[in-house]
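Per-entry structural report
In case you want the letters, here they are:
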Amino acid sequence: MLSNYYSKKKKVILSALGLNFLICNIRNLNKWFLMSLPALKCWVPVLSNLRQTNHLSLFKITIFFLIQVTPIPELFLTAVKLSHDNTGARYLHLAREDKNNLFSVQFRTTPMDSTGVPHILEHTVLCGSQKYPCRDPFFKMLNRSLSTFMNAFTASDYTLYPFSTQNPKDFQNLLSVYLDAAFFPCLRELDFWQEGWRLEHEDPADPQTPLIFKGIVFNEMKGAFTDNERIFSQHLQNRLLPDHTYSVISGGDPLCIPDLTWEQLKQFHATHYHPSNARFFTYGNFQLEKHLKQIDEETLSKFQKIEPSTIVPAQKPWDKPREYQITCGPDSLATDSSKQTTVSVSFLLPGITNTFEAFTLNLLSSLLIGGPNSPFYKALIESGLGTGFSPDVGYNGYTREAYFSVGLQGIAEKDIQTVRNIIDRTIDEVIEKGFEDDRIEALLHKTEIQMKHQSTSFGLTLTSYIASCWNHDGDPVELLKLGNQMAQFRQRLKESPVFLQEKIKQYFKNNQHKLTLSMKPDDKYYEKQTQMETEKLQQKVNSLSRKDKERIYEKGLELRTQQSKTQDASCLPALKVSDIERTIPFTELDVTLAAGEIPVQYCAQPTNGMVYFRAFSSLNTLPEELKLYVPLFCSVLTKLGCGILNYREQAQQIELKTGGMTVSPHVLPDDSHLDTYEQGVLFSSLCLDRNLPDMMHLWSEIFNNPCFEEEEHFKVLVKMSAQELSNGIPDSGHLYAAIRASRTLTPAGDLQETFNGMDQVRLMKRIAEMTDIKPVLRKLPRIKKHLLNCDNMRCSVNATPQQMSETEKVVERFIKNLGRSKKERKTVRPHVIEKPAYNGSSGSTYVNGSQIIRKLITDPTFKPCQMKTHFLLPFPVNYVGECVRTVAYTDPDHARNSRKRRCLRGRC
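Residues numbered from 1 in each chain as written. Predicted model: local features only at pLDDT ≥ 70, side-chain atom pairs only at ≥ 80, totals over all residues. Heavy atoms only, no water.

Re the overall build of the protein chain
Scanning the protein chain for helices and strands turns up 31 helices and 30 strands. For the protein chain, the C-alpha radius of gyration of 29 Å lies close to 29 Å, the compact-globule estimate for 908 residues. A total of 908 residues make up the protein chain; the buried ones form 54% of that total. Partitioning the intrachain contacts of the protein chain with sequence separation of at least 6 by distance along the chain shows that 77% fall at a separation of at least 24. With the model as given, the accessible surface of the protein chain reaches about 41,400 Å², and the carbon-plus-sulfur share is 50%. Placing the 108 positive and 100 negative side-chain charges of the protein chain at their respective mean positions leaves the two points 3 Å apart. (Helix = DSSP H or I, 4+ residues; strand = E, 2+ residues; numbered from the N terminus. Rg over C-alpha atoms; globule rule 2.2 N^0.38 Å. Buried < 20%, exposed > 50% of the residue type's maximum accessible area, 1.4 Å probe, protein only. Contact = heavy atoms within 4.5 Å. Areas by Shrake-Rupley, 256 points an atom, 1.4 Å probe, with all protein chains shown as cover. Lys, Arg positive; Asp, Glu negative; His and termini not counted. Charge placed at Lys NZ, Arg CZ, Asp CG, Glu CD.)

So, in structure tokens, the structure goes:
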């Protein structure tokens, strides 16, 4: 921190930057920044105004005080911490050579009831502001902007508003809209009615129809609590942290939401959405000085500092463990109706602002539950008692104090105590035996990859990563110093080999703040919820006077009129053609034929020492009766062992040598014809460049020598997969509906339903219920014969320019080692269209005289039709999807249809 700087006779010790040398006078400071921190070039000129002061802790940029400048080389960025003088608003800028710049503003929002006030407020501030009073300015900005991300999030104790864009003018426009929305929203009563809750006639035009509850957040939370995992996780947090804001539901309990008033919403905004309670974040290569100037002029200059009373106090530790049991709705897709109970044991951990302790406990959690080599996986998952880990398993660092949870779902109620005994016994065994060195190294390797793997949404990842710690006054910069934390962790292990066992003894074995939570199904659960909602409604209606009812009717009509009214969005900023780059950045691609026949696309990129590999293998020769089993084949292929490695050894090697290896079915619709598509399987992986030979050797073993003999482990994987699919329906019901609706419109839509729709959910349920799973297991080698060879395969590789030559050699060896079909297999469907593929940047379809061909499938007999389907599900929420067949991507009407689609979604 700059408060640790001391100046004496123009000599300054830069201890905060981790440097132990002297700068003889302040003038040289600017030179040093320019030479050593290239990511800060965008704002170094600002520092030139500071040459006349010797008190560095009072460095002032306009009316922001510069607190700390910290290079973080492992993330290739420089962190700049500032504070606004008049309001005390906190600011963190991460300067990095990344053109996808991001802004976010975060407020600590700590409700003390379950009316959902922070969630409803998050929705309502986006309904218009003083400067931009049109309804839904966020949606309206979608076609006036080049944003790469726009959204808002409500967590248990903070609300976050992020956006990102690559265009400087667009950044200014979006920043203006976001600032005005957050700090100067209209908060109209009709907006509260629409977004939060309201009483309205079933038919708003007919006052004789009954009054019912309506509202976007009200209905959203009703849907959220049809998800049994969500119910369990919410109760876990409420019960484990019962003393303050975590004892309530920040998103809102549908039975409590109708208790919130419009006045309470406005008051919550006044006390929580203030700069003194805000944390501003910017990321990327745009000029910091412009951000600071705009934020101050448009927002901060209009406020004075207050002392927000939003601090979350520490949870008082218990003197003895506690137990609770809750109920949920039955799961009609459960593999065994008699096994629908969930149980977990949870432990309160230290505060998340202790960054090293949090880092250690996060690693410890992964060691305990991560993958088939972990103690709890062996003891719980492979016990056969349940179908998978309980919800919210592992380390949770999103609350002021973290917590760890472990347990099982899909168990019989009589096995609750058995699971508890296994957990206690496993903790004792780990304290006694510790962990294998290779497992610790694998996790540290994973952390190294997380530091180096930086996606196009890296700024969003960072603002989400620091949000909880910063929210509770932790140091976000220390949190980002992953290299320091890794080094400290290694040093602690070196000094004390039982370092991790001591942590387990301290936080698990001897921890009295321990919660055992169980949840069992109640056949009348939804009936009871409906009854409570009916009683709440009746209570509200009975309290209304005749005048109140007349007002409700009039307001309902007014809202309906407002919703159907064309909005004037002319007040919103928009990009001009002159604001947009006339040329699109060109990406150099190079395509070669490996082993003389397999096209491989190489792309040299600044990947930070990482190599990214993908391969696509066609499914054209696979018999139709095996198609339904392709997703299952993909999900287990890298988890059953290969070559001389059993499934545990394979998992260990994947963790030690790669950042993950995934296999997934892939359907690619043709860009010029709706009834033509490409079908296959996508293989993806990434690794540090030093581990590329090991990663490609693993792929060789998976392709050439996969293991399909581990029947017991296969059963475990099937049950876990079936449970995950079942659990995902409440949260993704609209997606399942859309996939089903598209099934009869195009052949590609039909295949998508096979791979990703309700057909797949039902298949996995049937397989998980089988007493003899061998017939399914025997299908996997048959699929392998058609898929795991280099027939009809193509690959792509991204690596640094310096590593590309060696990368090509390793990939070439991998392809040469792949098996080939002894005889040419015919495609199952006779109608195959051969389409030339472009050779990278040149635009040619030839490589060394050979033309690259893609083999697509078409069905001349396919006749699109509309079909209505209804699935009966045990939820009090309906999911609806409707699809319309339009035109292919290259059709001249495609652009017009895209415009119409946006208008139908209210985004014109």
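Now that the structure has been shown, we can carry on.
A look at the pairing of strand β26 (residues 793–799)
Most of β26 is tucked away: five of the seven residues are buried. Strand direction decides the pairing type here: strand β22 (residues 598–604) and β26, joined by five bridges, are parallel. Paired with V600 across the two strands is C795, which belongs to β26. (Pairing = 2+ DSSP bridges.)

Regarding unusual backbone geometry
Phi angles above zero are rare outside glycine, and L187 is one such case at about 50°. Within the secondary structure layout, L187 lies in the loop between α5 (168–183) and α6 (189–195). When its relative accessible area of 6% is taken as the criterion, L187 is described as buried. For D473, which is not glycine, the phi torsion reads 70° and is therefore positive. Turning to its location among the elements, D473 is positioned in the loop between α15 (458–471) and α16 (476–480). Taking relative accessible area as the criterion, D473 reaches 39% and is therefore assigned partly exposed.

Side note on the packing of helix α14 (residues 437–452) against helix α17 (residues 482–495)
One way to put it is that α14 packs onto α17 with a least axis distance of 10 Å and a crossing angle of 170°. Between α14 and α17, the crossing angle belongs to the class labelled roughly antiparallel. Like other packed secondary-structure pairs, α14 and α17 cross with a definite hand, here left-handed. Residues I440, E441, L444, T447, E448 and M451 of α14 touch α17, and the partners they reach there are L482, G483, M486, F489, R490 and L493. Looking at the contact of α14 with α17 residue by residue, the class counts come to seven nonpolar, two polar and three charged. (Axes fitted to C-alpha atoms, helices over the stretch in contact; angles between N-to-C directions. Parallel < 35°, antiparallel > 145°, perpendicular 65-115°, else oblique. Left-handed = near helix turned anticlockwise from the far one by under 90°. Nonpolar A, V, L, I, M, F, W, Y, C, P; charged D, E, K, R; others polar.)

Topic: the UniProt feature "domain: Peptidase M16C associated" (unreviewed entry) in the protein chain
Mapped onto this numbering, the UniProt entry annotates "domain: Peptidase M16C associated" (unreviewed entry) at residues 519–767. Annotation note: span residues 519–767, helix share 49%, strand share 18%, distance between end C-alpha atoms 25 Å. (UniProt positions renumbered as here; feature names shortened; annotations may be inferred.)

Regarding the packing of aromatic side chains
According to the stated counting rule, one finds 30 aromatic pairs in the structure shown. Between F683 and W699, the ring centres sit 5.8 Å apart and the planes meet at 90°, which makes this aromatic pair edge-to-face. Note that F683 is positioned in strand β25 (residues 676–688) and W699 in helix α24 (residues 692–704), a separation of 16 residues in sequence. Judged by its relative accessible area of 0%, F683 is buried. Note on W699: relative accessible area 0%, which makes it buried. The ring of Y324 has R239 sitting right over it, with the charged end atom 4.6 Å from the ring centre. Between K266 and the ring centre of W262, over which it is positioned, the NZ or CZ distance is 3.7 Å. (Phe/Tyr/Trp six-rings, centres within 6.5 Å; stacked < 30°, edge-to-face > 60°. Lys NZ or Arg CZ within 6 Å of the ring centre and 35° of its normal.)

Here we look at the confidence of the model for the protein chain
Looking at the protein chain, pLDDT values average 89 and 91% of them are 70 or higher. Every residue in residues 1–60 scores below 50 in pLDDT, and together they form 102 contacts with partners more than four places removed in sequence or on other chains. (pLDDT = per-residue confidence, 0-100.)

Digging into the pattern of salt bridges
Pairing is possible between side chains that carry opposite charge, provided their charged atoms lie close to one another. Applying the stated rule across the entire model yields 48 salt bridges. We note a salt bridge from R188 to D191, for which the minimum N-O separation is 2.8 Å. K627 serves as the salt-bridge partner of E624, at 3.2 Å between the closest nitrogen and oxygen. Of this pair, E624 and K627 both sit in helix α21 (residues 624–627), three residues apart, which is roughly one turn of that helix. With relative accessibility at 5%, the residue K627 sits in the buried group. Each of R740, R743, D750, E753 and D759 takes part in one network of salt bridges that share partners. (Salt bridge = Lys/Arg side-chain N within 4 Å of Asp/Glu carboxyl O.)

Some words on the environment of G252
Structurally, the position occupied by G252 is in the loop between α8 (228–240) and α9 (262–272). You can call G252 buried: its relative accessible area is 0%. Spatially, the C-alpha atoms of G252 and G116 are 3.4 Å apart, while their sequence positions differ by 136 residues. The residues contacting G252, other than those within four sequence positions of it, are S114, T115, G116, M221, F225 and I257.

Details of the domain arrangement of the protein chain
Split into domains, the protein chain comes out as domain 1 (81–303), domain 2 (322–521) and domain 3 (604–824 + 871–899). For domain 1 and domain 3, the distance between their C-alpha centres works out to 37 Å. Across the boundary between the two partners, domain 1 contributes six residues, which contact eight residues of domain 3. Taken over both partners, the interface formed by domain 1 and domain 3 buries close to 530 Å², and the fraction arising from carbon and sulfur atoms is 53%. On the domain 1 side of the interface with domain 3, the three residues burying the most area are T226, D227 and E229, jointly 67% of the side's total. Our count for the domain 1 to domain 3 interface comes out at zero salt bridges. Joining domain 1 to domain 3, the criterion identifies one residue pair in polar contact (both at pLDDT 80 or more). (Domains from an automatic or database assignment. Buried area = accessible area lost by both parts, 1.4 Å probe. Polar contact = N/O pair within 3.5 Å; in protein donor to acceptor, adjacent residues only side chain to side chain.)

Thoughts on the pairing of strand β16 (residues 341–351)
Among the eleven residues of β16, nine are classified as buried, and the element is accordingly described as predominantly covered. Inspection of the sheet shows β16 paired to strand β19 (residues 401–411) by eight bridges, in the antiparallel sense. When the bridges of β19 are listed, S346 appears paired with S405. Of the pairings in the sheet, the one linking β16 to strand β20 (residues 514–521) comprises six bridges and is antiparallel in character.

What to know about the nonpolar core
In summary, soluble globular proteins display a tendency toward joint burial of nonpolar side chains. Judged by nonpolar contacts, the single largest core of 132 residues is most densely connected at L368, F376, F489, F508, F683, W699 and F714. The element best represented in this core is helix α11 (residues 355–369), accounting for nine residues. (Core = buried A, V, L, I, M, F, W, Y, C linked by side-chain atoms within 4.5 Å.)

A closer look at α24
Relative to the 18 Å expected for 13 residues at 1.5 Å per residue, α24 spans 18 Å between its end C-alpha atoms, a close match to the ideal helical length. Of all the residues in α24, the buried ones are L692, M695, M696, L698, W699, S700, E701, I702 and F703. (Expected span 1.5 Å × (residues − 1).)

Overview of the environment of L367
Secondary-structure assignment places L367 in helix α11. Separated by 302 residues in sequence, L367 and F65 have C-alpha atoms that sit 42 Å apart. Those residues in contact with L367, other than ones at most four positions away along the chain, are S374, P375, F435, R439, I440, L443 and L500.

Some remarks on the side chain of T124
By secondary structure assignment, the location of T124 is in helix α3 (residues 117–124). On the basis of relative accessibility, which here comes to 0%, the residue T124 falls in the buried class. Discounting chain neighbours no more than four positions away, the residues touching T124 are L187, D191, F192, E195 and L265.

Structural notes on the environment of V828
Considering the arrangement of structural elements, one finds V828 in the loop between α30 (804–817) and β27 (832–836). Residue V828 is classed as partly exposed on the basis of its relative accessible area, which comes to 35%. Here the alpha-carbon distance between V828 and K414, two residues 414 residues apart in the chain, equals 50 Å.

Topic: the packing of α11 against α17
Orientation of α11 relative to α17, taken along the N-to-C sense of each, is 70°, at an axis distance of 10 Å. On the basis of their axis angle, the class for α11 and α17 is roughly perpendicular. Seen from α11, the contacting residues are T355, F356, F359, T360 and L363; seen from α17, they are L482, Q485, M486, Q488, F489 and R492. Along the lines of polarity and charge, the residues of the contact of α11 with α17 split into six nonpolar, four polar and one charged.

Notes on helix α26 (residues 747–756)
Residues three or four positions apart in an α-helix share a direction because the helix packs 3.6 residues into each turn. Within α26, seven of the ten residues are buried, leaving the element largely enclosed by the surrounding structure. Where α26 is buried, its residues contact α21, α22 (630–636), β24 (661–669), β25, α25 (711–741) and α27 (758–769).

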